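# Reading the structure
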Amino acid sequence: MALLLLVIAVALCVLGASFVAMYCLNKAVDKSER
Amino acid sequence: MHLIPDTWSHLHMLVSVFPLVGLLFVIGFYVTAMVTNNDGQKRTGLLAIGLIALLGIPTYMSGDGSMATLSENPAVSQDRMFVHLGWGWAALVLLALTGLIAWIELFRSQGSGRPSQNSVHLVLGLSLVTLAFMAIVGELGWEINHGELHLGEQAAAAGSNLPSGSDVAEGQATPQLWSHFHMILNHFPTVGLVIVLAFYVVGLATNNDVMKRSCLAGFAICGILGAPTYVTGAAAMWALTQPPMLGITHAAIDSHRDMALLTLFGLAFTGVTAYLELWRYRYLGRFSNRSLMLVLIFAVITLGIMAETGHRGGLINHPEIRTEDMPTDPSVFWSPNIELLINNVIWFVPWQTVHFFGYSLVFGTVTAVVLRVLGFWKSMPFSAVHRLLPLGVFGVVMNVFTGMLMLMADTFRYVNEITFVPKMFFLPIGAIAVLYFSLSESLWRVKAGEDAPMLAKWVAVLVLISWITVIMGGRLLPYI
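Residues numbered from 1 in each chain as written. Chains lettered and ligands numbered in written order. Predicted model: local features only at pLDDT ≥ 70, side-chain atom pairs only at ≥ 80, totals over all residues. Heavy atoms only, no water.

Attention now moves to the overall build of chain A. When helices and strands are counted, chain A shows one helix and zero strands. Put simply, chain A has 34 residues, and 29% of those count as buried. Taken as a whole, chain A presents about 2,300 Å² of accessible surface, with 75% of it coming from carbon and sulfur. (Helix = DSSP H or I, 4+ residues; strand = E, 2+ residues; numbered from the N terminus. Buried < 20%, exposed > 50% of the residue type's maximum accessible area, 1.4 Å probe, protein only. Areas by Shrake-Rupley, 256 points an atom, 1.4 Å probe, with all protein chains shown as cover.)

Okay, here's the thing in structure tokens:
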């Protein structure tokens, strides 16, 4: 159980960080294209 | 930081890599300048070629000094030293000629600011021939003291010393080819970063956008090459310690490995920041000075870390440069302790899961971009799929980080698995080829409904094949 929770937590953190970074990067580009 | 050598051998080892690997990177910038027809970068290239030619003087003198010292050592082959010296003379003459012509053209073009086409091509031709000679000289030089390169099939080690769970046959040792690759490859992120930094400073000072872009790509390339350098180093560690070799200790290797881990982080920060700025430039049409400064700061810090890493690496097998006490206890270093920790399932499995997500991101991004370039979904302009590339970059970074951790769990097994070789060979190729998508002007101009240029399609196929090989190479590790 501990392992499963740890895996889910690590995956969420890593993927979450990637998606947030993508959102911020593309927001800056969206602003310039408007 | 160990940048000040205190013996002739030490100076020779530090300086001699610049006329070889340094020249290769300078040629890279020089050719980029010719392709983009950027006079500022051409002239900077001519200056750099001349400076590298000047480095031939301390290279020769320190080599001469080293010969005198090494001649007293009966274990060092006199013949090999003289063969290296002979080829060195020829390479030095070519280097001097190339540097002289480069600087003549540099001064001649001072007024107009535009070097002539004939001279530019002449310098390129001479540089390429010089590079070939330097490669031969370098190889002959390494053979003087790296006796492990001459070992053929190693005697079978005591079978009981092999790690458990290994698919490797009893007594098989890690091939020395890994050590050979590591010795060549480790000079690329190091010397390369020095050259890229030099061009970068000039590019920032002269506000030359083409030079800045070339340097950002250069930083990304140095970052990418950190991964295979680390892996070949891990393999070299096993090649040199199993069976054990006289004079090579685990403590010295672990001291080097710890710094190498920090170097990986430094290279990752520098390379990723540089690539993201390169990506963003496409849409904004200008650079953010803050980001450019950040890249500069990361690069300088990484250079410092790499200098120490390189120094500790040299200490492993070069007794002639040891002027301080060598470490004796491997257990004080991080690397062996990380190896022990990662062997626990609760630490290994989460990172393995992240690794799987990482290559999913990589493959998803690659598929979308490559298929658009090849002609699918022409309703989208290329600039739309280009937006996805940072997601692929994050996937690669995740995988390099988690991959290193998993490698440390059972290095001997992984580096001796046959599928690991194509994986590590195509990883840098696939990553570097992706840079083309952010650098090509003709590809950027592909609008909705238009077909991409043929060169872009070739690059796209290379990228697709590379990442398929990397993923298959990794997935098949437990089975082949």
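Once that is clear, we can look at the side chain of His84(B). For His84(B), the position within the fold is in helix α5 (residues 78–108). From its side chain, His84(B) meets the backbone nitrogen of Gly141(B) in a polar contact 3.2 Å long. (Polar contact = N/O pair within 3.5 Å; in protein donor to acceptor, adjacent residues only side chain to side chain.)

Here we take up the nonpolar core. All names here are of chain B. Core analysis: the largest hydrophobic core is formed by 116 residues, its most contacted members being Phe219, Phe382, Phe420, Phe437, Val463 and Trp467. The element best represented in this core is helix α9 (residues 209–241), accounting for 14 residues. Those residues in contact with Phe420 that lie beyond four places of it in its chain are Trp178, Val231, Leu407, Tyr414, Val415 and Leu477. Ranked by size, the runner-up nonpolar core spans nine residues in total, among them Met237, Trp238, Leu240 and Ala252. (Core = buried A, V, L, I, M, F, W, Y, C linked by side-chain atoms within 4.5 Å. Contact = heavy atoms within 4.5 Å.)

Attention shifts here to the pattern of salt bridges. Residue and element names in this part refer to chain B. Per the stated rule, a full pass over the model turns up 15 salt bridges over all chains. In this structure, Arg114 and Asp39 form a salt bridge, with 3.0 Å as the shortest nitrogen-oxygen distance. With Arg114 in the loop between α5 and α6 (117–145) and Asp39 in helix α3 (residues 39–54), this residue pair connects regions lying 75 residues apart in the sequence. In this structure, Asp254 and Arg257 form a salt bridge, with 3.0 Å as the shortest nitrogen-oxygen distance. With Asp254 and Arg257 both in helix α10 (residues 250–284) and three residues apart, the pair spans about one turn of that helix. The residues Asp254 and Arg257 share a single accessibility class, namely buried. Linked through salt bridges whose partners overlap, the residues forming this network are Asp39, Lys42 and Arg114. (Salt bridge = Lys/Arg side-chain N within 4 Å of Asp/Glu carboxyl O.)

Below, the discussion takes up the packing of aromatic side chains. All names here are of chain B. A complete count under the given rule lists 17 aromatic pairs over all chains for this structure. On the basis of an interplanar angle of 50° and a centroid distance of 5.1 Å, the ring pair of Tyr60 and Trp89 is categorised as tilted. Linking Tyr60 in helix α4 (residues 56–70) with Trp89 in helix α5, this pair joins segments that are 29 residues apart in sequence. Trp89 sits in the partly exposed class, given a relative accessible area of 44%. Ring plane angle 55° and centroid distance 6.2 Å describe the contact between Phe382 and Phe437, whose orientation is recorded as tilted. Separated by 55 residues along the polypeptide, Phe382 in helix α14 (residues 382–386) and Phe437 in helix α17 (residues 420–439) bring together distant segments of the chain. (Phe/Tyr/Trp six-rings, centres within 6.5 Å; stacked < 30°, edge-to-face > 60°.)

On the chain A side, the residues contacting the 19 residues of chain B number 18 residues. Carbon and sulfur atoms supply 83% of the area that chain B and chain A bury against each other, a total of about 1,700 Å² over both sides. At the boundary of chain B and chain A, one finds one salt bridge. The residue Arg387(B) makes a salt bridge to Asp30(A) at a minimum N-O spacing of 2.7 Å. Where chain B touches chain A, the interface holds two residue pairs in polar contact (both at pLDDT 80 or more). Here the side of chain B that touches chain A gets nine residues from one element, more than from any other, and that element is helix α13 (residues 345–374) of chain B. Of the residues in the side of chain B that touches chain A, the class split is 17 nonpolar, one polar and one charged. (Buried area = accessible area lost by both parts, 1.4 Å probe. Nonpolar A, V, L, I, M, F, W, Y, C, P; charged D, E, K, R; others polar.)

Residues and elements named next belong to chain B. Its identity as a non-glycine residue notwithstanding, Asn37 has a phi of 55°, on the positive side. The residue Asn37 is located in the loop between α2 (18–36) and α3 in this model. Its identity is not glycine, yet Asn207 carries a phi of approximately 55°, on the positive side. Inspection of the secondary structure assignment puts Asn207 in the loop between α8 (187–206) and α9. The class for Asn207 is exposed, based on a relative accessible area of 55%.

Okay, the confidence of the model for chain B next. Confidence in the prediction for chain B averages 90 pLDDT; 94% of positions are at 70 or higher. Considering only residues more than four positions removed or in separate chains, one finds that residues 152–167 of chain B, a stretch of pLDDT under 50, has 29 contacts. (pLDDT = per-residue confidence, 0-100.)

This part is about the side chain of Ser214(B). Relative to the helices and strands, Ser214(B) is located in helix α9. For Ser214(B), the residues in contact, after removing those within four places along its chain, are Phe29(B), Thr32(B) and Gln41(B).

This next bit is on α13(B). Under the 1.5 Å per step criterion, the end-to-end length of α13(B) is 42 Å for 30 residues, consistent within 8% with the ideal 44 Å. Immediately downstream of α13(B), the backbone of Gly375(B) shows phi near 125°, a positive value. (Expected span 1.5 Å × (residues − 1).)

Time to look at a nonpolar patch on the surface. Residues and elements named next belong to chain B. The grouping of Trp8, Leu47, Leu51, Leu54, Ile57 and Met61 at the surface amounts to a nonpolar patch, some 570 Å² of accessible area in total. Taken together, the elements giving at least two residues each to the nonpolar patch come down to α3 and α4. Broken down by element, the nonpolar patch gets its largest block of residues, three residues, from α3. The residue Trp8 is located in helix α1 (residues 8–15) in this model. (Patch = residues over 30% accessible without salt bridge, like charges linked within 9 Å, V, L, I, M, F, W, Y side chains within 5 Å.)

Turning next to the packing of α3(B) against α5(B). All names here are of chain B. Two elements in contact, α3 and α5, have axes separated by 8 Å at closest approach and are oriented at 145°. Considering how the two elements wind past one another, α3 and α5 form a crossing that is left-handed. Of the residues in α5, those touching α3 at Arg43, Leu46, Leu47, Ile49, Gly50, Leu51, Ile52, Ala53 and Leu54 are Leu95, Thr98, Gly99, Ala102, Trp103, Glu105 and Leu106. Among the residues making up the contact of α3 with α5, the classes are represented as eleven nonpolar, three polar and two charged. (Axes fitted to C-alpha atoms, helices over the stretch in contact; angles between N-to-C directions. Left-handed = near helix turned anticlockwise from the far one by under 90°.)

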